[in-house]
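Residue-level structural notes
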Amino acid sequence: MKKIYIYKGFERFWHWVQATLIIFLALTGFEVHGSFEVFGFESAVKFHRVASYALLLLIAFSIFWHFTTGEWKQYLPTTKKLRSQIRYYISGIFKGDKHPSKKTELSKLNPLQKLVYLGFKIVLIPLVIITGILYLNYKVVDANNIIVISEIPLDAIAVLHTLGAFLLIAFLIVHVYMTTTGHTATSNIKAMLTGYEEIEDDKEEITEVKNEN
Ligand code: HEM
């Protein structure tokens, strides 16, 4: 086995703070929605707003980090090995097959992860954020008459925001399951905590993956 440095400091900080904020936003958001009562409606509204500002700030920093470090390239989709990756998750994994892609410092995501995380970053998160910002500014913008967004029915904004919230929760459940499919059940989570992951020291295959990039 060989230890390699996969996740950098900021990346780990951003990942865990984002996860905490999303879970907290789901908790407070669904209380606002009327699904259950934990903090009380007024407090849930207040907490949801504060947490959403924190998430927006975090995302602004993470966009800056992705572009200044060139890490955004990790998410460029590829069809290479995509089929074998899907086949692996559907059947190979249950038969003890070898993982079709190897993680390296240069390529930390498998082809399916690249596609799913790209969708998360450019479709799902923007859906929740844009509808959330419209929701947040609905009355203010309308009253000041700066930008007339009252043309969009508030109902539509609420439904799309809630849809995004449901999809985020579905993502979270699948994501947590997927984290257990690494070398050991906890190796991926440990890597996101420490930055280091243990992988099989298969020099030939690692060189092959590096060459592909
Ligand atoms: C930057 C991100 C976000 C912003 C700006 C935002 C903003 C808002 C606003 C303004 C409301 C209406 C309640 C209120 O006045 O406070 C709301 C409701 C809600 N939010 Fe968010 N939110 C964000 C992220 C999230 C996330 C990540 C989730 C869940 C994972 C979520 C789930 C919900 C739900 C379920 C509701 C109730 C919708 C309804 O029943 O009308 N929100 N959000």
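Here, the structure is the one placed above.
Scope of this entry: the structure provided in the associated data block.

About the criteria used
- Residues numbered from 1 in each chain as written.
- Predicted model: local features only at pLDDT ≥ 70, side-chain atom pairs only at ≥ 80, totals over all residues.
- Heavy atoms only, no water.
- Donors = N, O, S within 2.8 Å, 3.2 Å for Na, K, Ca; no water.
- Tetrahedral: all angles 85-135°; square planar, octahedral: opposite > 155°, others 65-115°.
- Helix = DSSP H or I, 4+ residues; strand = E, 2+ residues; numbered from the N terminus.
- Near = heavy atom within 4 Å.
- Polar contact = N/O pair within 3.5 Å; in protein donor to acceptor, adjacent residues only side chain to side chain.
- Nonpolar A, V, L, I, M, F, W, Y, C, P; charged D, E, K, R; others polar.
- Salt bridge = Lys/Arg side-chain N within 4 Å of Asp/Glu carboxyl O.
- Buried < 20%, exposed > 50% of the residue type's maximum accessible area, 1.4 Å probe, protein only.
- Patch = residues over 30% accessible without salt bridge, like charges linked within 9 Å, V, L, I, M, F, W, Y side chains within 5 Å.
- Areas by Shrake-Rupley, 256 points an atom, 1.4 Å probe, with all protein chains shown as cover.
- Phe/Tyr/Trp six-rings, centres within 6.5 Å; stacked < 30°, edge-to-face > 60°.

1. A look at the coordination of the iron atom of the ligand
Ideal values for angles at a metal depend on the geometry: 109.5 degrees with four tetrahedral donors, 90 or 180 degrees with six octahedral donors. His48 (NE2) and His161 (NE2) make up the full set of protein donors to the iron atom of the ligand, lying at 2.0 to 2.1 Å. One can describe the donor arrangement at the iron atom of the ligand as octahedral, given that its six donor atoms subtend angles of 86 to 179° at the metal. In this pair, His48 sits in helix α2 (residues 41–69) while His161 sits in helix α5 (residues 154–179), placing the two residues 113 residues apart along the sequence.

2. A short note on the site of the ligand
Of all residues adjacent to the ligand, which total 23 residues, the nearest are His33, His48, Arg49, Tyr135 and His161. Between the ligand and the protein, one listed contact pairs an oxygen atom with a side-chain N or O atom of Arg49 at 2.8 Å. The separation between an oxygen atom of the ligand and a polar side-chain atom of Tyr135 is 2.5 Å. Listing elements by their share of the shell around the ligand, those giving two or more residues are α1 (9–33), α2, α4 (111–144) and α5. Looking at the shell around the ligand, the element that brings in the most residues is α1, giving seven residues. Classifying every residue of the shell around the ligand by side-chain character gives 15 nonpolar, seven polar and one charged.

3. So, the pattern of salt bridges
Scanning the entire structure with this criterion turns up four salt bridges. Notably, a salt bridge pairs Glu197 with Lys103, separated by 2.8 Å at the nearest N-O pair. Here Lys103 lies in the loop between α3 (82–90) and α4 and Glu197 lies in strand β2 (residues 196–199), a separation of 94 residues in the sequence. Each of the two residues, Glu197 as well as Lys103, counts as buried. Each of Lys8, Glu11, Glu71 and Lys108 takes part in salt bridges that share partners, so that together they form one network.

4. Digging into a nonpolar patch on the surface
Together, Leu27, Phe36, Val38, Phe39 and Phe47 make up a nonpolar patch on the protein surface, roughly 400 Å² of accessible area in all. With respect to the secondary-structure elements, Phe47 resides in helix α2. The class for Phe47 is partly exposed, based on a relative accessible area of 34%.

5. As for the packing of aromatic side chains
This structure, assessed with the given rule, holds eleven aromatic pairs. Taking 6.4 Å as the distance between ring centres and 65° as the angle between the ring planes, the aromatic pair formed by Tyr117 and Phe171 counts as edge-to-face. Taken together, the residues span a long stretch of sequence, with Tyr117 in helix α4 and Phe171 in helix α5 at a distance of 54 residues. Here Tyr117 matches Phe171 in class, with each residue buried. Pairwise contacts between aromatic rings join Phe10, Phe13 and Trp65 into one cluster.

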